[in-house]
Amino acid sequence: MALYLGVMSGTSLDGLDIALIEQEPQVSLLASHYIPMPETLRLAMLGLCASGPDEIARAALAETEWVRLAAQGIQHLLDAQNLRPEDIRAIGSHGQTIRHEPARGFTVQIGNPALLAELTGITVVGDFRRRDVAAGGQGAPLVPAFHDALFASQGERLAVLNVGGFSNLSLIERDKPVSGFDCGPGNVLLDAWINEKQGLGYDADGAWAASGKALPGLLGNLLSDPFFAGTGPKSTGRELFNLPWLQHHLSTQPACADEDVQATLLELTALSIVDSLKKAQEDTQVLLVCGGGAHNGALMKRLAGLLPNAKVSSTAAFGVDPDWVEAMAFAWLAHCCLEGIAGNRPSVTGARGLRVLGAIYPA
């Protein structure tokens, strides 16, 4: 029995997901643990997504706090499962992305794998994205290879949609290499707008968005961004889609009701997903949704409405909890690294070839 842990904190900056998987004979989720991101750490991480004073010291302090939080969560999970550090082959730690600019040749995740190995007594595999970028790739998304391993037998034309801060698709067809790309903003603008106007972290079940009406003029303006016209491989982040980006577009429009802006942002997320899916994989039969967006009832309803000929459901319908798919993916990528198995897919990232991803920090 090969046990791995995956640690993931995404662009939503809401918390850390920790998943315990068994790798053999097939990937299965054994246990999980969630740690909310302390507000001080969330703000520190958010502040590192843009240039500012004393960045190196601030990044070092923030990643130390992130690692200590992760180590506490890992110990909690091990205790709950009556496991010892030596029972775990490795931790796959994604860290926290603070910059992602592959067009300029770099992506930056902080998470100090050396300290995590020291605090947990478990081998850590980290720094998954930079090898793909070094090979000319986007470094993202990295989950399509895992989606393919997990769901390939479920249908002939299947797509897996992860909706976190940003949305990305994995396109899976029989006898074809998996492909995929980032579609655009997932929850990042929805969360930013409700936080700006109501002080809330997220729009529960999409209720606020559902109370408004999408504004065609604003929607067209948002969709005019060149990112949406491009085809994969492509990836994005807070460097492009952020509150100032939204406010710039709002400044060119007549006054809008706040709930109508939220409804428009939900439509932006849904349309950018469906438009890119239809371009890349015609006649999709099944769309499986994971990530926080799987709990947004308004978004799920809109996706189903835009894809009347596809079965749209959470990955839970196929036996995989949507909240833990990404953390499971990085546990699986740790396994791939230790076994010398390529973790990227050039058809997804645009890299020059298959590469083993990650750097190993022994216990």
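Residues numbered from 1 in each chain as written. Predicted model: local features only at pLDDT ≥ 70, side-chain atom pairs only at ≥ 80, totals over all residues. Heavy atoms only, no water.

As annotated in an unreviewed UniProt entry, the protein chain is Anhydro-N-acetylmuramic acid kinase from Pseudomonas japonica. Reading the Catalytic activity (unreviewed entry) entry of the UniProt record for the protein chain gives the comment "1,6-anhydro-N-acetyl-beta-muramate + ATP + H2O = N-acetyl-D-muramate 6-phosphate + ADP + H(+)". The UniProt entry for the protein chain carries this comment under Sequence similarities (unreviewed entry): "Belongs to the anhydro-N-acetylmuramic acid kinase family." (UniProt positions renumbered as here; feature names shortened; annotations may be inferred.)

Peer 1: Help me understand the sheet that holds strand β10 (residues 179-185), please; the structure alone is not making it clear to me.
Peer 2: Sheet strands associate in pairs through backbone hydrogen bonding, adopting either a parallel or an antiparallel arrangement. Read from one edge of the open sheet, five strands run β10-β9-β8-β11-β12, paired in mixed fashion. Every other strand in the sheet has two partners, leaving β10 and β12 (311-314) as the edge strands with one partner each. Across the sheet, the mean angle separating the axes of adjacent strands is 20 degrees when strand polarity is ignored. On the sheet, helix α11 (residues 258-280) packs against β8 (157-163), β9 (166-173), β10 and β11 (286-290) and is oriented at approximately 155 degrees with respect to β10. Strands in contact with helix α12 (residues 297-306) are β8, β11 and β12; relative to β12, the strand with the most contacts, it is inclined by about 160 degrees. (Pairing = 2+ DSSP bridges. Helix = DSSP H or I, 4+ residues; strand = E, 2+ residues; numbered from the N terminus. Axes fitted to C-alpha atoms, helices over the stretch in contact; angles between N-to-C directions. Contact = heavy atoms within 4.5 Å.)

Peer 1: Hey, could you run me through helix α3 (residues 113-120) in this one?
Peer 2: Residue pairs three or four apart in sequence face the same way in an α-helix, which turns once every 3.6 residues. Where α3 is concerned, the buried positions are Pro-113, Leu-115, Leu-116, Ala-117 and Thr-120. Its buried side turned inward, α3 meets α2 (55-80), β4 (90-93), β7 (124-126) and β13 (359-361). Among the residues trailing α3, Gly-121 stands out with phi positive, at a value near 70 degrees. (Buried < 20%, exposed > 50% of the residue type's maximum accessible area, 1.4 Å probe, protein only.)

Peer 1: Looking at this model, I keep getting lost on the nonpolar core. Mind explaining?
Peer 2: Side chains of a nonpolar character, in soluble globular proteins, are inclined to be buried together. Of all hydrophobic cores here, the largest spans 45 residues; its most connected members are Leu-169, Leu-246, Leu-265 and Leu-287. If you tally residues by element for this core, the top one is α11, at nine residues. Apart from residues lying up to four places away in sequence, Leu-287 is in contact with Ala-159, Leu-161, Leu-169, Leu-277, Leu-307, Lys-311, Val-312 and Ser-313. The next biggest cluster of nonpolar side chains, apart from the first, holds 36 residues, and it includes Phe-146, Leu-150, Ala-331 and Ala-334. (Core = buried A, V, L, I, M, F, W, Y, C linked by side-chain atoms within 4.5 Å.)

Peer 1: Help me understand the pattern of salt bridges, please; the structure alone is not making it clear to me.
Peer 2: When their charged atoms lie close together, side chains carrying opposite charge are able to pair. For the structure shown, the criterion picks out nine salt bridges. A salt bridge links Glu-39 to Arg-42, with the nearest nitrogen and oxygen atoms 3.0 Å apart. Placement of both Glu-39 and Arg-42 in helix α1 (residues 39-47) is noted, with a separation of three residues, approximately one turn of the helix. The residue Glu-55 makes a salt bridge to Arg-99 at a minimum N-O spacing of 2.6 Å. Of this pair, Glu-55 sits in helix α2 while Arg-99 is found in strand β5 (residues 96-101), placing the two residues 44 residues apart along the sequence. A relative accessible area of 15% means that Arg-99 is categorised as buried. Counted as one network, the salt bridges with shared partners bring together Arg-84, Glu-86 and Asp-87. (Salt bridge = Lys/Arg side-chain N within 4 Å of Asp/Glu carboxyl O.)

Peer 1: What exactly am I supposed to notice about the UniProt feature "binding site: ATP" (unreviewed entry) in the protein chain here?
Peer 2: Look at the UniProt record and you will see "binding site: ATP" (unreviewed entry) annotated at Gly-10, Thr-11, Ser-12, Leu-13, Asp-14, Gly-15, Leu-16 and Asp-17. In this structure, Asp-14 sits in the loop between β1 (3-8) and β2 (15-22). Taking the relative accessible area as the measure of exposure, Asp-14 reaches 45% and is therefore partly exposed. Not counting residues up to four positions away in its chain, the partners in contact with Asp-14 are Tyr-34, Pro-36 and Met-37. Mapping Leu-16 onto the fold places it in strand β2.

Peer 1: Looking at this model, I keep getting lost on the packing of helix α8 (residues 216-223) against helix α10 (residues 243-250). Mind explaining?
Peer 2: Each packed pair of helices is defined by two parameters, the angle between the axes and the distance between the axes. Remark: α8 packs on α10, axes separated minimally by 10 Å, with the N-to-C direction vectors making an angle of 130 degrees. Judged on the interaxial angle alone, α10 and α8 are oblique. Once α8 is placed against α10, the crossing between them reads as right-handed. Residue-level inspection shows Leu-218, Asn-221 and Leu-222 of α8 in contact with α10, the latter providing Trp-245, Leu-246, His-249 and Leu-250. Here the contact of α8 with α10 is composed, by residue class, of five nonpolar, two polar and no charged. (Parallel < 35°, antiparallel > 145°, perpendicular 65-115°, else oblique. Left-handed = near helix turned anticlockwise from the far one by under 90°. Nonpolar A, V, L, I, M, F, W, Y, C, P; charged D, E, K, R; others polar.)

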